[in-house]
Amino acid sequence: MWLHVRLSEVCLFLQAMFILACCFSDMESGPIATSGSVQPNGDRFKIEGRAIVPGVKTQDWISSARVTVEGEEYIGFLGTDGSFVVNDVPSGSYVVEVISPGYKFGAVRVDITSKGKMRARLVNFIKTSEVIRQPYPLQLRSSGPRTYLMKRETWGWTDFLMNPMVMMMVLPLLIIVLLPKVVNTNDPEMRKEMEQSMNMLNPNPELPDVSEFMTKLFSGSKSSSSKAIGGSKASGRPAVKRRWCQNITCTSGLRNYCNWSCHGNYNAIFKKSFFIRLYNCFLSRVFFPSSEIQVCK
Amino acid sequence: MKPPAKMSKPTSLFVIFFSLFVMSEAVFEDQVGKFDWRQQYVGKTLFAHFDSHSQSSKKLFLATDKNIFASFNSRTGELFWRHVDKAGPEGTIDILLLHGQDALMVVGGGRLLRSWDTNMGGLNWEAVLDTGSFQAACFVAMQDTVKHVAVLKKAAISLHYLTNGHQKWVENLPDSDTVQYQAVYSGGEEEVYVLGVVPNSHLTIIAYSLEDGEIIKQRSVEAPWLSSVESSCVVVGHGVLMCVDTATLALYALPIQAEEAPQFNQILLQVTPVQPRLEVSPGFQPVLVSSQPHPARSPISEFFLQLGPDHHVLLQLNADGYTIAPLRDFQPAFLVSFSTTGEKTVAAVMTPKNETSDVFPPQLYVHAFLKKDDSVGYRVLVQTQDHALTFIQQPGRVVWTREEALADVVTMEMVDLPLTGTQAELEGEFGKKADGLFPMVLKRLSSQVILLQAWLAHLWKLFYEARKPHGQVKNEVTIETLSRDEFNLQKMMVMVTASGKLFGIDSKSGSILWKHYLENVQPNAVFKLIVQRTTAHFPHPPQCTLLIKDKDTGLASLHVFNPIFGRKSHIAPPALPRPILQSLLLPVIDQDYAKVLLLVDDQYKVTAFPSTKNVLQQLQEMASSIFFYLIRSDQGNLSGFRLRKDLSTERIWEVVLPTEVQKIVAVNGKRPNEHVHSQGRVMGDRSVLYKYLNPNLLAVVTESTDAHPERAFVGVFLVDGVTGRIIHEAVQRKARGPVHFVHSENWVVYEYWNTKSRRNEFSVLELFEGTELYNSTVFSSLDRPHLPQVLQQTYIFPSPITTMEATLTEKGITSRHLLVGLPSGAILSLPKMFLDPRRPEVVTEHSREENLIPYAPEMPIRTEWFINYNQTVARVKGIYTAPSGLESTCLVVAYGLDIYQTRVYPSKQFDVLKDDYDYVLISSVLFALFFATMISKRLAQVKLLNRAWR
């Protein structure tokens, strides 16, 4: 929906631009006729502007920079304050660029009418008549230093461990190995708590439990489980009194394994069962890539 | 939500492709400067100034014939900064004046006046001057401070403020159509004097008021002997104009400021009481040299008179302003110059030490400075005829030399370095004919012993050097120590410059190993460098031939030399009395393994070089299969010829492109040393699309004579060079040049300017035979009945380009990249994959399997693809690519104003271990696994034993 609104906005904007372009169309034909062939006695104009590299002193970069108009057809140099003037330019349409080996600058198209009226707009090589006005005299701000070099991929333990595949392997392993040791399963109170947490984990009776799901999968009743999920979604959330809510959403993004958000007060049960839930989420993501699991109490 | 997800699939695919390329192309951080180097040049010096602003300053300012204003470090000869203006007459520097921190420049024949802040290297201001050709300029001082600059044009004089460039006043010169105004002078008074001359009639002096440009006085002086103020007059002493007349051999003195009607005072050279008598060398135009140390003061009264090419006299104008006194006679003396520091003025005289010095220095710049003990020290900058710039310090010590001829490289070749003695010995063993089993075994053994000896010697050297302190170990490359490396990555770069100076440069370090100055090379000569024999034919030395052709007359001469040592060869080149139209290097070799060079003159007669009996015999045998083509772009004519047995030729085809419609801009064949590895492309459905690989194919590019944007076009014709058959023609409407193109394998890539959309576009033509090959064993132009299928696609390129070349590797297995030189000085490595006419608009299963990138109209430019990162090459004129011994590696040299050498790996380094190969990790993992197996084996044994006991 939002996209549609944006699109219509863009359309409106484009329409406005088109009208603007029409206003300029009388001069548009002028530049086309004159670009390339230099009028022998035609008027010459100057392109003015200023280039800024934020956070860098001008003396550190201006000596290696210059302003080029349409390749090297006309050349200007930068003043000690970063301002520049390119003199002796006949009317036409030109791409003006500040070239510096150290810093990135965007290019601007400058149109000069035969009467010397100036206009600056964004360069668009595909839609050449599109007009997005830029300030004139030109204000060219560097978008930062140029990146030419690649960093070597270094091998480190952290990179290895933070690898999603390794994470997926190691975390469940840790849980499986460590959890029984942390939680004393023989203690009846603990067992009760665990049961409670398991219940909380699985508030939808339709949504299969991990173990249940596994048995179902192996027994070949895949269709029924998927149906069950559809059913659960249709029926909506059970109207249970909610003290706190925990949403774990699994999306199908490449790196976006689990987005989770939490509101309300945590308690011990949640802390203990959180990893189990995460694990649950992983598995369900594997089997139902784009399903949403909502866990509520 | 579903449709966007689907849409994202191709784009994500694209992104993946993208990242792949990024991985394959960029330079890594630790590779910077490892195998690449850049040398920056500025060209031949026109004006030079030493920074006298502060005593300890080490700055040097140069303006050159390449329209460059540069600042150098005078201690090292390195550039501080450099401003490259537009090439050609619009950027020429007419004059460079230095005052304090400001450098003033008149640019483009009096078009612009620029003031530079020499400290920062930035522009103070730029002022547009009125039209009119530039004559002279000088600083104008008022009450001892320099505030203005006067610019004299052909018909006007203007005064500008130094602080902001604003014009104070401009005045038209009276009678500018008859009087040639040539000089402007200011001696610190309230007036500016303009000197003009009506040749062989009279001299005009006009004094302008500084305040408002009013003419204060205007005089004309009879001077029937005077033809030019510029070349024969100087201002000496307190405003005395000193002129020299060649015909009567007399000096004339005239006080400029004189109130009453002035007269020239004649001082005849022969009758002056000068000992010894002054005599002008026959045929020499005497020259006067004077100096005005500060614009606020009048010039010094001493001046030089040059009487011959090597004869100078130092003279002094007496206080009366009419008589001169000789101070000293200098002979031989080639160059003289004045320099002033404080109150002292130094006259520098350059005398040759030995007569044999053939490089005549045309320019001398002297900088004098006061030392701490109040004596005068000096630094000298000498510009020689071969464009070498030498900086000399006090006791005549050469501090540095810059080879500025390299700012204009015309053509170059890369030659393999020779093998070392032992390697050559081994090579020789295989080269010789076998003479029995036993001698062969002996030879093998002896060569192995030699190798062992060499290895031991090498070890000993390593050991010996390791004991020495680190700094003492010399690592310099000299011509004697040059030898080929393992992968043939180090080569000799033979560079030919426009001034006629040849250089041999080591490709690894960039050091100049030899140089050879060819005298009597015309300034408009064209060069062609041909490698006739490589280093592979030991003991025959490698041989290069340089064809030097005068552009106007077409007369040519050959210079044969050894590319490794730069020495001229003993082989006498043939005399070429007639203009040469075409030269071609045949794959035919003579008994000394030199390839045969054929030169076609304007009577279509062929000269062979070398022309031994053996060669002539071979040529006779092969004559019927030797074809060549000639282009006459002025007639729009392209014709093909065949060689006859008597070395005459016959025309077999002709293509005429009418010159009224279009003109031939360039013709290009394929590179002879190019290898194509695969005959075809495997398509998605497992069928093979065979490439059309015609080695005789020529790409002819034409441009329309009509320059109107609506009717202009660019044409590309693919012509078979043997039969003259036009294989394909493509016309790009609403397009104009300059066209840059590369012709290689089965494709032509060309770039042009789209006049309608005002953008640069790349177009690629690819030729295929189809799914079946007509004759797979051999290609013959005479027997190819089917025309190839031609595919074409065009893309937008978001930048203009200056030159283009394709990478080249040993066997052609590595994928190709295009190296594109941009005006910004960057060299872009563009994968050929992006220029593939089979890029689909809609992605299908087949295209994905073929790894075709979906079509996108705009070509990307990523700074990571710049092979020269921030080492920009100003005005890239050419890119030379050469294969190395490694299939993955291509050697690249970009030349223009600068020279940049690097290596590129279009398909990554697949045949050598990467630089960052982690030996530690791999060995530690191996060891860990090894020990783990050992331990687990032991444990398993123990466990088994325990189980057995149970």
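This one's a predicted model, so the numbers in the text were calculated from it and none came from an experiment. Within every chain, residues take consecutive numbers counted from 1 along the sequence as written. Each chain takes a letter, starting from A, and each ligand takes a number, starting from 1, following the order in which they are written. In view of the model being predicted, local features appear only for residues whose pLDDT reaches at least 70, and side-chain atom pairs are presented and counted only at 80 or more, with totals across whole chains, interfaces and linings using the full set of residues. Side-chain metrics in this entry use all non-hydrogen atoms of the structure; hydrogen atoms and water are not considered.

**Q** Honestly, the overall build of chain B in this entry has me stumped. Any pointers?
**A** Only DSSP runs of H or I covering at least 4 residues are called helices, and only runs of E covering at least 2 are called strands; the numbering of each starts at the N terminus. The secondary structure content of chain B amounts to seven helices and 61 strands. Reported as C-alpha extents along the three principal axes, the dimensions of chain B are approximately 130 × 80 × 75 Å. In short, Shrake-Rupley with a 1.4 Å probe defines the accessible areas, and a residue's cover is counted only from the protein chains shown. Of the roughly 45000 Å² of accessible surface on chain B, a fraction of 54% belongs to carbon and sulfur atoms. The charge count includes Lys and Arg as positive and Asp and Glu as negative, but it does not include His or the ends of the chains. Where a charge lies is defined by one atom per residue type: Lys uses NZ, Arg uses CZ, Asp uses CG and Glu uses CD. For chain B, the separation between the mean place of its 90 positive charges and that of its 97 negative charges on side chains is 10 Å.

**Q** How do you make sense of the sheet that holds strand S61 (residues 899-904) of chain B when you look at a structure like this?
**A** Paired through their backbone hydrogen bonds, the strands of a sheet run either parallel or antiparallel. All names here are of chain B. Strands qualify as paired when DSSP identifies two bridges or more between them. Taken in spatial order, the four strands line up as S2-S61-S60-S59 in an open sheet, and their pairing is antiparallel. For this open sheet the edge positions go to strand S2 (37-39) and strand S59 (878-883), each flanked by a neighbour on one side alone. Recorded for the sheet is a direction-independent mean angle of 15° between the axes of neighbouring strands. Here strand S60 (residues 890-895) pairs with S61 via six bridges, running antiparallel. Of the residues in S61, the one forming a bridge with Ala894 is Tyr900. To define axes, lines are fitted to C-alpha atoms, for helices over the stretch in contact only, and angles between the resulting N-to-C directions are given on a 0 to 180 degree scale.

**Q** Honestly, the environment of Arg711 of chain B in this entry has me stumped. Any pointers?
**A** Residue and element names in this part refer to chain B. Structurally, the position occupied by Arg711 is in the loop between strand S49 (697-704) and strand S50 (713-720). For Arg711 and Lys937, which are 226 residues apart along the polypeptide, the C-alpha to C-alpha distance reads 84 Å. Two residues qualify as a contact provided that any one of their heavy atoms is within 4.5 Å of a heavy atom in the partner residue. Aside from chain neighbours lying at most four places away, what touches Arg711 is Ser704 and Asp706. Nitrogen and oxygen atoms within 3.5 Å of one another constitute a polar contact, given that in protein one can donate a hydrogen and the other can accept it, and given that sequence-neighbouring residues count only through two side-chain atoms. Polar contacts involving the side chain of Arg711 include one to the side chain of Asp706, which spans 2.7 Å.

**Q** What exactly am I supposed to notice about the environment of Leu60 of chain B here?
**A** All names here are of chain B. Tracing the backbone through its elements, the reader meets Leu60 in strand S4 (residues 59-64). When the C-alpha atoms of Leu60 and Asp374 are compared, they prove to be 23 Å apart, with 314 residues separating the residues in sequence. Sequence-distant contacts of Leu60, that is, excluding residues within four places in its chain, are made with His49, Phe50, Ala70, Ser71, Phe72, Leu381, Phe391 and Trp400.

**Q** Explanation requested: the interface of chain B and chain A in the structure shown.
**A** Where the parts come together, the accessible area they lose is often given as the size of the interface. Of the residues lining the interface, 51 residues belong to chain B; the matching set on chain A comes to 41 residues. Two parts placed together each lose some accessible area under a 1.4 Å probe, and the buried area is that loss summed for both. For the pair chain B and chain A, the summed buried area comes to about 4300 Å², and 59% of that belongs to carbon and sulfur atoms. Any carboxyl oxygen of Asp or Glu that lies within 4 Å of a side-chain nitrogen of Lys or Arg is treated as forming a salt bridge with it. At the junction of chain B and chain A, the tally comes to one salt bridge. Between Asp88 of chain A and Arg111 of chain B there is a salt bridge whose closest N-O contact spans 3.0 Å. Counting across the chain B and chain A interface gives twelve residue pairs in polar contact (both at pLDDT 80 or more). Where the side of chain B that touches chain A is concerned, the elements lending two or more residues are helix H1 (2-25), strand S1 (27-28), strand S6 (79-84), strand S9 (112-117) and strand S10 (122-128) of chain B. Polar here means any residue outside two lists: the nonpolar Ala, Val, Leu, Ile, Met, Phe, Trp, Tyr, Cys and Pro, and the charged Asp, Glu, Lys and Arg; Gly therefore counts as polar. Residues that form the side of chain B that touches chain A fall into these classes: 23 nonpolar, ten polar and 18 charged. By the bridge criterion, two bridges tie strand S10 (residues 149-150) of chain A to S1 of chain B in an arrangement that is parallel. Residue pairing in the sheet places Met150 of chain A in a bridge with Phe28 of chain B of S1 of chain B.

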